[in-house]
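Listed below are the residues making up each chain.
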Amino acid sequence: MTDIRSERITLEVADGNSMNAYVSRPTTDGQHPAIVVFMEALGVNSQIRGVADRYAREGFVAIAPDLFHRTNPGYEAATIVMDEIMPMINSMTTEGMIADATAAHEWLSEQSDVAPNSIAAVGFCLGGRAAFLANAELPLAAAISYYGGRIAPALLEYAQRLHGPHLFFWGGIDAGIPPEQRRTVVDAVRAAGKKFVDVEFSDANHAFFNEQVDRYNAPAARQSWALSLAFLKENLDAAR
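These numbers come from a predicted model, not from an experiment. (Residues numbered from 1 in each chain as written. Predicted model: local features only at pLDDT ≥ 70, side-chain atom pairs only at ≥ 80, totals over all residues. Heavy atoms only, no water.)

As a further point, take the side chain of Asp 53. Of note, Asp 53 is situated in helix α1 (residues 46-57). Here Ser 24 takes part through its side chain, which lies 2.8 Å from a polar atom of the side chain of Asp 53. (Helix = DSSP H or I, 4+ residues; strand = E, 2+ residues; numbered from the N terminus. Polar contact = N/O pair within 3.5 Å; in protein donor to acceptor, adjacent residues only side chain to side chain.)

Quick look at the structure:
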């Protein structure tokens, strides 16, 4: 595994807000592929920082922006408290998420150790939605959405603008994103003629990748990680 170093930075967003972010990167010389890691509803907590570190050990420059910076900057939690997170989630706008993704992408593009044509995104839950929007609005080489909520029906029009191939992961017993909603998302991407991979783990719930919550599904997490790395390697190598 590659040695890594991490830091916390502050980015200026186009709407005038400041956004903190966690950065993890390889210590080796040269240009590397890069990835924006979009958090789930628990914030840029130790689990999301750990995901960024895992990607850095695989050779990526990874940045995890704080998507709650407009309402509750620095929010972190280990478990979901609905009364805390729902007001923050409901306050998020499409325009704000795109602005945040753009700020993170621009920062990566300016780094001397990043290969500018090999930038991707991955997101979890609300971050899965952010990754979908980022792929539509930014020249990403690839993107991955884990159980991305609220893509359907409001954001289906963005399928026509996807840049890189998109990998979707879903939990088969995720009651919050039922099968018909998942099909609607994939059908929109298919109708737009975009490249995609669609994966459902039949016995997995929402948040199955998060090892810190009770919905963690170890086999699904391991398999999705392996597929994510293969998907990124294939598409980022092709973009160079």
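More follows now that the structure is in view.
On to the layout of surface pockets. As a volume, the largest pocket reaches approximately 530 Å³. What lines the largest pocket is a set of 24 residues, among which Ala 41, Ile 80, Ile 89, Cys 125 and His 206 lie closest to the centre. Every element with two or more residues in the lining of the largest pocket is listed here: α2 (82-91) and α4 (126-137). The leading source of residues in the lining of the largest pocket is α2, at four residues. The residue inventory of the lining of the largest pocket, partitioned by class, reads twelve nonpolar, six polar and six charged. Roughly 150 Å³ of internal volume is contained in the second largest pocket. Arg 8, Ile 9, Asn 20, Ala 21, Tyr 22, Val 44, Ala 64, Asp 66, Gly 74, Tyr 75 and Glu 76 are the residues that line the second largest pocket. The element contributing the most residues to the lining of the second largest pocket is strand β2 (residues 18-26), with three residues. (1 Å grid on protein atoms, 1.4 Å probe; cavity = no way out; pocket = protein on both sides within 12 Å on 5 of 7 lines; lining within 4 Å. Points joined across faces, edges and corners; volume = space filled by probe spheres on them. Nonpolar A, V, L, I, M, F, W, Y, C, P; charged D, E, K, R; others polar.)

This part covers the pairing of strand β4 (residues 61-65). Here β4 lies mainly inside the structure; five of its five residues are buried. By the bridge criterion, four bridges tie β2 to β4 in an arrangement that is antiparallel. Pairing of Ala 21 across the sheet is with Pro 65, part of β4. Alignment of strand β3 (residues 32-38) against β4, held across three bridges, turns out to be parallel. Paired with Ala 34 across the bridge in β4 is Val 61. (Buried < 20%, exposed > 50% of the residue type's maximum accessible area, 1.4 Å probe, protein only. Pairing = 2+ DSSP bridges.)

Once that is clear, we can look at the packing of helix α3 (residues 94-109) against α4. For the pair α3 and α4, the least separation of the axes is 9 Å and the interaxial angle reads 70°. Our classification of the angle between α3 and α4 gives roughly perpendicular. Counted together, Thr 94, Met 97, Ile 98 and Ala 101 of α3 and Leu 126, Arg 129, Ala 130, Leu 133, Ala 134 and Glu 137 of α4 form the full contact between these two elements. Of the residues in the contact of α3 with α4, the class split is seven nonpolar, one polar and two charged. (Axes fitted to C-alpha atoms, helices over the stretch in contact; angles between N-to-C directions. Parallel < 35°, antiparallel > 145°, perpendicular 65-115°, else oblique. Contact = heavy atoms within 4.5 Å.)

Counted residue by residue, β3 has seven buried out of seven residues, so it is predominantly covered. A crossover links β3 with its parallel partner β4, the connecting element being α1, and its sense is right-handed. (Right-handed = clockwise from strand over helix to strand, strands pointing away.)

Time to look at the packing of aromatic side chains. As enumerated under the stated definition, the model contains 15 aromatic pairs in all. Look at Phe 68 and Tyr 75: their rings are 6.0 Å apart centre to centre, the planes differ by 65°, and that puts the pair in the edge-to-face class. Look at Phe 68 and you get buried, because its relative accessible area is 0%. Taking 5.8 Å as the distance between ring centres and 55° as the angle between the ring planes, the aromatic pair formed by Tyr 146 and Phe 208 counts as tilted. Remark: Phe 208 occurs in the loop between β8 (196-201) and α6 (218-239) and Tyr 146 occurs in strand β6 (residues 142-146); sequence separation between them is 62 residues. (Phe/Tyr/Trp six-rings, centres within 6.5 Å; stacked < 30°, edge-to-face > 60°.)

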